[in-house]
Structures are given as structure tokens and as C-alpha cells.
Amino acid sequence: MKKHLLLLIAAASMIAGGCKKYLDEKPDRSLVVISATADLQALLDNYSTMNNADPGSGEASADNYYLTDADWASIASEPQRRLYTWEKDQVIALTSNDWSNAYRTVYSCNTVLENADRVADPNNNYETANIKGQAYYYRGKALLQSALLWCLAYRSSTSPTDLGLPLRMTTDFNTEVPRSNNAQTFAAITTDLIQAAKQLPVTQASAYRPGKAAAFALLARCYLYTHNYDLAGKYADSALQIKKDLLDFNTLSASATYPIARQNKEVLHQSIMVLPQLISATKAKIDSNLYRSYASNDLRRTIFFRDNRNGTYAFKGSYDGSAAFFSGVAVDEVYLTRAECYARGGKITEAMADLNTLLVNRYKKGAFIPLQAATATDALRFVLVERRKELLMRGIRWMDIKRLNTEGANIALQRKLNGANYLLPPNDLRYAIAIPENLMRFGIEQNPR
């Protein structure tokens, strides 16, 4: 059975990569034998596809780091070098890229959803609901992460005309699926995640499988991005009603190579991003102004960063216990989301309570003085500053720049390289990263430039 499932995964990989020869041939369905929910769970437990392949292109495009001229020149990938300076095209490798990883996940989820009822044990509705809930979660997550990269920032006024994603919701890959619009894309994402939240259990075998709190947290992230702060706050609250424990950074070892353990008590769902060379710890230097924004008693200065001993700092990695970068969902993000929604709703006391609950666990014991805000505007400013500092290199910053600029934040990105200055102005069309050019052959429309 394992061989059959591996063949299915290989097929998904070829489909995601846009292999024309493969698309012209009918697959031998006898090679793909799915006869029980255990087979579908095996697809969902394929960690290399479902948990270890989140996109890194957004974080590599954001402003938390910089490269020296020499480190940029040492990047082997020409698309990555172009991504660093926000070129208009050819910024994503043509194979084994964030697009193919996302649609490989989507294909696996479609396979599960098409077969779950057929092979369901009539005496085990819990198992069937759990399987379907996971598939809805992973498909919604893959589409959300893709939309954050390849679609323009969400605006309700232009979402019916802005290009969205190809919404391939079946395993029938012989049919061309054109790009939807942004409104349709986010409707599909929220529909999937709402279904996930309904069907997932509260408790899973491990954080590698999403549970109900993870679905609530991802819904909160999605609604935050689309400026629906009422629903974002409600779903963040729902997640925290299930799990609200925070790590006390005083209990971590700053001298450890990777101080924050994988699947620690903050993690709602464990996943990591495919790490572009651009942001690897050996090359990326943390923006010096960002580093200095951490107070001397803020333990994140030593938990998050490694001193390069030359006046620069590198990011160690987060919530993984390795050099990989955590990109799943965790309790700290949910506190920050709820705090932001409280602030935007004028609930100053509640916003600052959430923010201070997080920060007291990040400062040296006895050194933290709770922040106080006189106005909702002050509270929001405090939250957004700490959101950037806390969620560093988590695949969140690119999303935040895009959404905040639609509200007038006026965040402009700049790079200096080989004596030249590169600028990405607010709301530039390049915030929708160019999709891999080889997909044009399959009727996929390129982002406007």
C-alpha cells in the first residue's frame, strides 16, 4: 500500500510542476489503490509535502534582513538573486518551487476529499471527519499561502477584478483551470478552513496534524489579511479558548544553537518553510534598526539572534529546534491577532492585556513594565511593533506589509546592492510576485507589471 501511495504522491508532483507529457497520458488508476481511511491518513502524514514545504519567497522578499554584495553574488540561483531586488519577472525557479509545492499539497487534499466517504468506516464517523478536516485545512492553508505570494493585496473593492489563484478543487488535472479572481480565491480559502474547523477534533496525536485550534488560528490570519477584524478577533478568541499557553523565555537557554524546541507548547500546528538561500542564517543579516528595537531586557535579543561578532546578527531559527524556519500557527501569533482586533475595535484595555500577557513571557523575569496606551491608536501602534518583532521570519511580514499598505501605512522597501538602490514602493504591482513563467503554457495568466 505504501508503494501505491508513493506513486500517487509522485503523480501529484508531476502535475504541480506542469508536466505536459504526463498530462497527455491517462494515469493507470490500478496503481493507486485507496481502500481505507488509513491510506488517506498516510497521504496527510506525508510530512515532506504537508508540513515541510511552506513557501519562503514572501519572507525572502520582505524587509527583515539584508545581504552584503558578496553574499548576494554567492547565491547560486539566478531567480533568487532577482527576487532579492524585486525584479518584474523570472524570480521563481521553474521547477521544485513554492508554486509546485502548494499545488502538490492541493492535489493530495483533493484525493483525500474525493475518497473519504467512499472508504469510510460506517462505525467510525470521528475518523472520517478528522481525515476530511485535515484535508480541508491543508488545502485552505496552501491556497492562503499562495494567495499571499501571487495575488495583489486584498481589497474588497477590487477583489472581483484582481487576479486570484487557479482553484483546482478536483483530481481531474486534464482540465485547464484558469485563474479565479481574488474574491473567489478568498471565499474558497475561508470555506475550506471553516469546514476544517467544524470537522477537526480538539486534540490530535501530535502538532504535525492540525486540530480545531489550528483551523481557528488560520481563519484568524486569513480574516486579518482581508481586513475583517471582527471575524479575525472572534476566531483568534476561539483558538485561545482551546489553547493559550505561552513559553516563558526565561526557561530557555540563549546559548543553545536552537533554543526553541519543535512542537513546544505554543505550537498549534507544526510546519516549516522551504528556506531560500537568501534568508539562510549564513547569509542573511538582520536589519540593524530592527535588532536595536529589542530592549536590553528583551530575551528575544539572544533567543532569536546570533551575534556574528562583526556588528551584524543572524536569525537562529524559530519553533523548530533546527536551522529551519517555523511557518505554522502558534499561540503567540493568535494573541497578537486578537490584540490587534481589540485595538481596532477601540477595546484598549483588552488589547493591552493580550499584548502584555505575551511580552511578560519574553522579558527577563521582573524586568518587564507593562505597556499602557492612552488611545486605541496607541494600542494599535504597540501591537504592530511587537507583531513584527515576535513573528520574525515566520512567513508573516510580507503579508503584513501588503495589508497595512492598503490602509495607508506607506511601507516602502529598499535594498542597497553593488552601489545601486532598489525600491519597492507601497502597493506596487510587484507585491504580487511573478508566477513561474513555464506555467504560461498551461493557460495560467501572468501577474500584470
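Located above this text is the structure these notes cover.
Residues numbered from 1 in each chain as written. Predicted model: local features only at pLDDT ≥ 70, side-chain atom pairs only at ≥ 80, totals over all residues. Heavy atoms only, no water.

Colleague: Kindly report on the overall build of the protein chain, identifying the contributing residues and their values.
Modeller: When you go through the protein chain residue by residue, the secondary structure sums to 18 helices and ten strands. Here the C-alpha radius of gyration of the protein chain, 22 Å, is about what a compact globule of 449 residues would show, namely 22 Å. Along the longest, intermediate and shortest principal axes, the C-alpha atoms of the protein chain span 65 × 55 × 45 Å. Counting over 449 residues, the protein chain shows a buried share of 57%. Restricting to contacts in the protein chain with at least 6 residues of sequence separation, those with at least 24 account for 72%. Roughly 18100 Å² of accessible area belongs to the protein chain as shown, and the carbon and sulfur atoms make up 52% of that amount. (Helix = DSSP H or I, 4+ residues; strand = E, 2+ residues; numbered from the N terminus. Rg over C-alpha atoms; globule rule 2.2 N^0.38 Å. Buried < 20%, exposed > 50% of the residue type's maximum accessible area, 1.4 Å probe, protein only. Contact = heavy atoms within 4.5 Å. Areas by Shrake-Rupley, 256 points an atom, 1.4 Å probe, with all protein chains shown as cover.)

Colleague: Give a description of the side chain of Lys285 that names residues and reports values.
Modeller: As for its position among the elements, Lys285 is in strand S5 (residues 285-286). Polar contacts involving the side chain of Lys285 include one to the side chain of Asp71, which spans 2.6 Å. (Polar contact = N/O pair within 3.5 Å; in protein donor to acceptor, adjacent residues only side chain to side chain.)

Colleague: Mind laying out the environment of Pro160, listing which residues take part and the relevant values?
Modeller: Position of Pro160 relative to the elements: it lies in the loop between helix H9 (125-150) and strand S2 (163-166). Excluding residues within four positions of it along the chain, Pro160 makes contact with Asn181 and Ala183.

Colleague: Explain the environment of Ala73 to me, and be specific about the residues and the numbers.
Modeller: Mapping Ala73 onto the fold places it in helix H6 (residues 69-73). For the pair Ala73 and Asn418, spaced 345 residues apart in the sequence, the C-alpha separation amounts to 9.7 Å.

Colleague: I'd like a rundown of the pattern of salt bridges, residues and numbers included.
Modeller: Scanning all chains against the criterion turns up 30 salt bridges. Arg139 is paired through a salt bridge with Asp192; the nearest N and O atoms lie 2.7 Å apart. Separated by 53 residues along the polypeptide, Arg139 in helix H9 and Asp192 in helix H10 (residues 182-199) bring together distant segments of the chain. Per residue, the accessibility class of Arg139 equals that of Asp192, and both read buried. Between Asp298 and Arg300 there is a salt bridge, and its shortest N-O distance comes to 2.8 Å. By relative accessible area, Asp298 is classed as buried at 2%. (Salt bridge = Lys/Arg side-chain N within 4 Å of Asp/Glu carboxyl O.)

Colleague: Before we move on, could you go through empty space enclosed by the protein and cite the residues and values that matter?
Modeller: Using a probe with the size of a water molecule, rolled over the atoms, empty space left in the structure can be pinpointed. Enumeration over the complete set of coordinates arrives at five cavities of 30 Å³ or more. There is about 160 Å³ of room inside the largest cavity. Residue lining of the largest cavity: 15 residues in total, with Pro55, Gln145, Leu148, Gly395 and Ile396 positioned closest to the centre. Among the secondary structure elements, those contributing two or more residues to the lining of the largest cavity are helix H5 (57-61), H9 and helix H18 (397-405). Per-class residue counts for the lining of the largest cavity are six nonpolar, four polar and five charged. Here the second largest cavity defines a volume of roughly 120 Å³. (1 Å grid on protein atoms, 1.4 Å probe; cavity = no way out; pocket = protein on both sides within 12 Å on 5 of 7 lines; lining within 4 Å. Points joined across faces, edges and corners; volume = space filled by probe spheres on them. Nonpolar A, V, L, I, M, F, W, Y, C, P; charged D, E, K, R; others polar.)

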